[in-house]
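Listed below, chain by chain, are the residues.
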Amino acid sequence: MTRTLAFIQARCSSRRLPGKVLADLGGRPMILSMIDRVARAQHLDGIVLVTSEDESDDELAACVEAQGTPVFRGALDDVLARFHGAATAYPADHYVRLTGDCPLMDPTLIDAVINLHHAQGTDYCSNVAPPTFPDGMDVEVFTSALLRRAHAEARMPVEREHVSYWMYTTAAPQLRMANHSFLGDCSHIRLTVDYPDDLDLVRTLWSRLDAPLTADLFDLLRLLQADSTLRATNPHLRNEGLVTMPPEQNGAPGAEGESG
């Protein structure tokens, strides 16, 4: 029996919206709402918050631990080393990488990417190469062996800061990979939280959902379709941090948030 864990990476020192993962969403910290939604995925054996040892993340770690979710703390800037440390502390055969700025994550989408990963026997599987789901629905699944190899071989700062960057760039030609695509291209829709207007939109959607903890992606898209003003609320580029990298370093398919 294989074991699959979700690692949610998050920190409070994000440059664009500090402390966003602890922002109020429906009367509780955003990160807890995300964990509750992710926990509904059927093919996960557990969830671990992967944050930093920096004192700025003390409140985040305490908040999540108090809820009963395990927390691993590691390097602030070397997120790949942090993930490797978390994998050593919490062994599994496969890891699902999620970022803590995606509180509306659909658990059925997590299951779909895990299913594809197993069905095709991939080393790395995602729904972002290319992205067709809304920003904020990014899911990556990779084997423990690939994570160990990435930690051992990745050298550039961008490869250490962005956990999977080495996997889908340098190592990609040697890997078995697959991508889960949506029915249409909704990659321009933002359901992630990087800026105050992103948070405003997520709060509005949350308040309009009949059952926000169990609502799925189609419930969210129906709300956006019904109110055109919402769709123009937060016009930011997808993965702006990687878009502004030098061309020789930019090759990301779109799975990087700024909550790590």
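Residues numbered from 1 in each chain as written. Predicted model: local features only at pLDDT ≥ 70, side-chain atom pairs only at ≥ 80, totals over all residues. Heavy atoms only, no water.

1. A few points about the pattern of salt bridges
Thinking step 1. A complete count under the given rule lists 14 salt bridges for this structure.
Thinking step 2. Here D58 makes a salt bridge to R73, at a shortest N to O gap of 2.8 Å. Of this pair, D58 sits in helix α2 (residues 58-67) while R73 sits in strand β5 (residues 71-74), placing them 15 residues apart in sequence.
Thinking step 3. Exposure remark for R73: the relative accessible area of 26% places this residue in the partly exposed category.
Thinking step 4. Residue R160 pairs with D78 through a salt bridge whose shortest N-O separation is 3.1 Å. Highlighted residues: R160 in helix α6 (residues 157-161) and D78 in the loop between β5 and α3 (79-89), separated in sequence by 82 residues.
Thinking step 5. The class for R160 is buried, based on a relative accessible area of 12%.
Thinking step 6. The network of salt bridges with shared partners includes R16, K20, D101, D135, R190, D194 and D198. (Salt bridge = Lys/Arg side-chain N within 4 Å of Asp/Glu carboxyl O. Helix = DSSP H or I, 4+ residues; strand = E, 2+ residues; numbered from the N terminus. Buried < 20%, exposed > 50% of the residue type's maximum accessible area, 1.4 Å probe, protein only.)

2. What to know about the packing of helix α8 (residues 196-208) against helix α9 (residues 217-226)
Thinking step 1. Two elements in contact, α8 and α9, have axes whose closest approach is 11 Å; the angle formed by their N-to-C orientations is 105 degrees. Here α8 lies roughly perpendicular to α9, going by the angle between them. In this structure, α8 uses L201, L205 and R208 to contact α9, whose residues at the interface are L220, L223 and L224.
Thinking step 2. In the contact of α8 with α9, the residues fall into five nonpolar, no polar and one charged. (Axes fitted to C-alpha atoms, helices over the stretch in contact; angles between N-to-C directions. Parallel < 35°, antiparallel > 145°, perpendicular 65-115°, else oblique. Contact = heavy atoms within 4.5 Å. Nonpolar A, V, L, I, M, F, W, Y, C, P; charged D, E, K, R; others polar.)

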